[in-house]
Amino acid sequence: MTNVRIEHLPFDRHHVSSWAARGRRHRDWPVVYTLNDKQQVYVGETLAAAGRLRQHLDAGTKTHLDHARVIIDQSFNKSACLDLEAFLIRLFAGEGQLEVLNANVGVANSNYYRREDYRQSFREIFDLLRDEGLFATSIEQIQNSDLFKLSPFKSLTAEQSEAVASIVQSLLADLTGSSGGTSVVEGDPGTGKTVVAVFLMKMLRDIGAWDGRPLESESLLEGLFTLENASRLAGLRIGLVVPQQSLRSSIRAVFRNTPGLDRDMVLSPFDVGQSDEPWDLLIVDEAHRLGQRSNQTSAVRNRDFVDINVKIFGQDSPAHTQLDWIKQMSHHQLLLVDVRQRVKPGDLSVASLTAELDAARTTGRLHRLRSQMRVSAGGDYVSYVRSVLSDAPPATTLDFGQYDVRFYDDVEQMLVAVKARNREHGLARVLAGYAWEWKSKRDRTRVDIAFGDIQLRWNTTIVDWVDSPRSVDEVGSIHTIQGYDLNYAGVIIGRDLRLDPVTNSLRFDRNHYFDKKGKQNNPGQRLSDDDLLEYVANIYSVLLTRGIRGTYLYVVDEHLREYMRGYFTPSD
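The rules we used
- Residues numbered from 1 in each chain as written.
- Predicted model: local features only at pLDDT ≥ 70, side-chain atom pairs only at ≥ 80, totals over all residues.
- Heavy atoms only, no water.
- Phe/Tyr/Trp six-rings, centres within 6.5 Å; stacked < 30°, edge-to-face > 60°.
- Buried < 20%, exposed > 50% of the residue type's maximum accessible area, 1.4 Å probe, protein only.
- Helix = DSSP H or I, 4+ residues; strand = E, 2+ residues; numbered from the N terminus.
- Lys NZ or Arg CZ within 6 Å of the ring centre and 35° of its normal.
- Contact = heavy atoms within 4.5 Å.
- Axes fitted to C-alpha atoms, helices over the stretch in contact; angles between N-to-C directions.
- Parallel < 35°, antiparallel > 145°, perpendicular 65-115°, else oblique.
- Left-handed = near helix turned anticlockwise from the far one by under 90°.
- Nonpolar A, V, L, I, M, F, W, Y, C, P; charged D, E, K, R; others polar.

Colleague: How would you summarise the packing of aromatic side chains if you had to cite specific residues and measurements?
Modeller: Considering all chains together, one arrives at 22 aromatic pairs under this definition. Judged by centre distance (4.5 Å) and plane angle (40°), the ring pair of phenylalanine 126 and phenylalanine 135 falls under tilted. Comparing phenylalanine 126 with phenylalanine 135, the two get one shared label, buried. Measuring from centroid to centroid gives 5.7 Å for phenylalanine 451 and tyrosine 554, while their planes differ by 90°, and the two rings are edge-to-face. Of this pair, phenylalanine 451 sits in strand β14 (residues 449–451) while tyrosine 554 sits in strand β20 (residues 547–555), and the two are 103 residues apart along the sequence. Each of the two residues, phenylalanine 451 as well as tyrosine 554, counts as buried. Among the aromatic side chains, those forming a connected cluster through ring pairs are Tyr381, Tyr384, Phe400, Tyr403, Tyr563, Tyr567 and Phe568. It is arginine 25 that lies over the ring of tryptophan 29; its NZ or CZ is 4.4 Å from the centre. Across from the ring centre of phenylalanine 270, 4.2 Å away, lies the NZ or CZ of arginine 301, which sits over that ring.

Right under this line is the structure:
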C-alpha cells in the first residue's frame, strides 16, 4: 500500500474540468480530498472526485478555498477512505493551524479488512501533507495536545452515539413543549463524558446551521440533520459549564478554533448565576464538581455566591447550590456525572447527585458510559483502583496486560523513569496528593516536597499546567489534572493516606493534608476523618487513572507502601 499519490489543482471550474479528463480514477474511484486556503481546510471522501468537486463549486459555500488535493491509491476502498477522512479531520482540528470546516456528524470508526495496513499508509500520507505545509508538527505532538484530546471531531463509540442521539431527541421534544428536563450521562474516569459534552455542543450548532445540502457522512447521527430540527435548533442559546478553572481554559481554546463555537460559550457556574439571560440548554461537564454553599476561594466569590442566591431565589440560603442556579437559568440541562470523583466537601453532596441519577433513570434520560477510552488496561483497571482504595479491597490482583504499571521503593527512580517516558512519548507527568504545603505559591525559591536531597515544587500554574513548559519538572495536584489525560502518570501517595497496621484499614491523616478547602466544614457540617478519607481516596483514584499507557507509583507511608505493593506489582 505504497502507491499513494497526491494530485494538486486550483479549485475552480476550469481546472476541475481539465483534471477530470486526464484519468478514469479522477471520475470513478474511491478517494479522499482536501480543499484549503491559508486559514481553512475541508476534508472529504467520494467515489467520484471530479463530480464531487463540481458539486462544491455549484453550492458556492467553499469557493473561497483556492486549492484542491486529491489523494489517490489503487488499493483504496470506501471503508479505507472513510477512515482516512476521519483521521485527517481529527489531526487538522487537533493541530489548529487551519480551521476545519467539516460539520460534526461523527467521524467514522468502523473496522474493515486490513485496517492496520491502511493505517500505516495513513502516516505516510500525513507526512506528504506535512511536507506540503498543511501540517506543522508530528502526529504524536498533535495527539498529545489538548486541542486534539478535547476536539469535537471524534469517533464516538456505539454507546456514546446512542447517548448523543437520545439526548438530542429529548431536547427537541422539550423545545416543542413548555416544560424543560434534565438528562444525565454517568461514567467512570476515561469513558468519554467530556467527549460527549464537546461533541454535542458542536453538533447542535451544526444542525441549527444546516441548510439542507447533503452531508458527506456515514454516521447514524446524520438522521438528526433535518430541516425541521434545524429550524428548532437555529439560534438556540447553549452553554457548556465547566467548574474547574484549568479544564475550562483548555476547552475555551478548543472552542476558539472551532467554526460554530465560541470561547464565550464555555462558562463557570458563576457566569451562569450572574447572567440576566437564561439558556435553552446548559451542558455541565464534571457536574460532581459543582459547588454547594461553602467557603469559596476568595472573599469576592463568597459575596458572589450570596448575591447570586438573592438574585435568583430572592434570598440567601445554605440549601441553594450551583446546580440550583443552573436549573433555574436553563430550560434543559445535561449533567455529566461521576459521583466518585467528588474531591472536597464543597462539591455537590452524594445525596444531591444520587437524586439527579434517580430522577433521570425514572424519566428514561439516564445514559451510562461503560467503555474505557483512556486507560489501555481497560475498565477493569478503574474499578480495581477504586476497590484497592476502599474498605473492600479486591481478593486477587489484576492482570495489567500491556499496561505499564511499576511500583517504586525509591522516589528518585520513579522521577527518572517518568522523565524517560516523557522524552520517548511526551505527556508524562508526576502527580501527588495534597500532602505537602504549597510554600512556593508565594515564594518561588521555596521547596514544597522534599525526599532527602530531592527537592520538588508544586505546579507554578493552575491553568493548562499539563502543557506548560515547566510541568515535567513539577508536581501536579488534583486541581490541575482532573479531566485531563496523560500518557504516563507518576503518582506519589503522601502521608495524608495511611494504613493502620493493627486493623489493616486505610486512615486519613488530617495533619498531613494541606488543602484548606479540602477539609473545611460547610455550613451545618462537621466532617470526621472518615468523611475526609472518602475525598482523599477519590483524589488518589483520579490520579491513578490519568495514564493512558502506564502508571508508576511511590507511597510514602511504610505500612501503606507494603499494602499497595501487593496490588500494583505486576506478576512475571
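Colleague: Got a sec to walk through the environment of phenylalanine 135? Specific residues and values, please.
Modeller: Its place among the elements puts phenylalanine 135 in the loop between α4 (115–131) and α5 (139–143). Here the alpha-carbon distance between phenylalanine 135 and aspartate 515, two residues 380 residues apart in the chain, equals 43 Å. Setting aside anything within four residues of it in sequence, one finds phenylalanine 135 in contact with Leu88, Leu91, Phe92, Glu95, Gln97, Phe126, Leu129, Arg130 and Ile142.

Colleague: Give a description of the packing of helix α3 (residues 78–95) against α4 that names residues and reports values.
Modeller: Following both chains from N to C, one finds α3 and α4 inclined at 45°, their axes separated by 10 Å at the closest point. One finds that α3 runs oblique with respect to α4. Crossing angle aside, the handedness with which α3 passes α4 is right-handed. From α3, Ala80, Asp83, Leu84, Phe87, Leu88, Arg90 and Leu91 reach across to α4, where they touch Arg115, Tyr118, Arg119, Phe122, Ile125, Phe126 and Leu129. Here the contact of α3 with α4 is composed, by residue class, of 10 nonpolar, no polar and 4 charged.

Colleague: Outline unusual backbone geometry, supporting the account with residue identities and numerical values.
Modeller: Notably, glutamate 286 is not glycine yet its phi reads approximately 50°, a positive angle. The class of glutamate 286 is buried, set by a relative accessible area of 5%. One non-glycine residue, leucine 427, lies in the positive phi region at around 55°. By the secondary structure assignment, leucine 427 is in the loop between α16 (411–425) and β13 (428–432). Looking at leucine 427, the relative accessible area reads 5%, which means it is buried.

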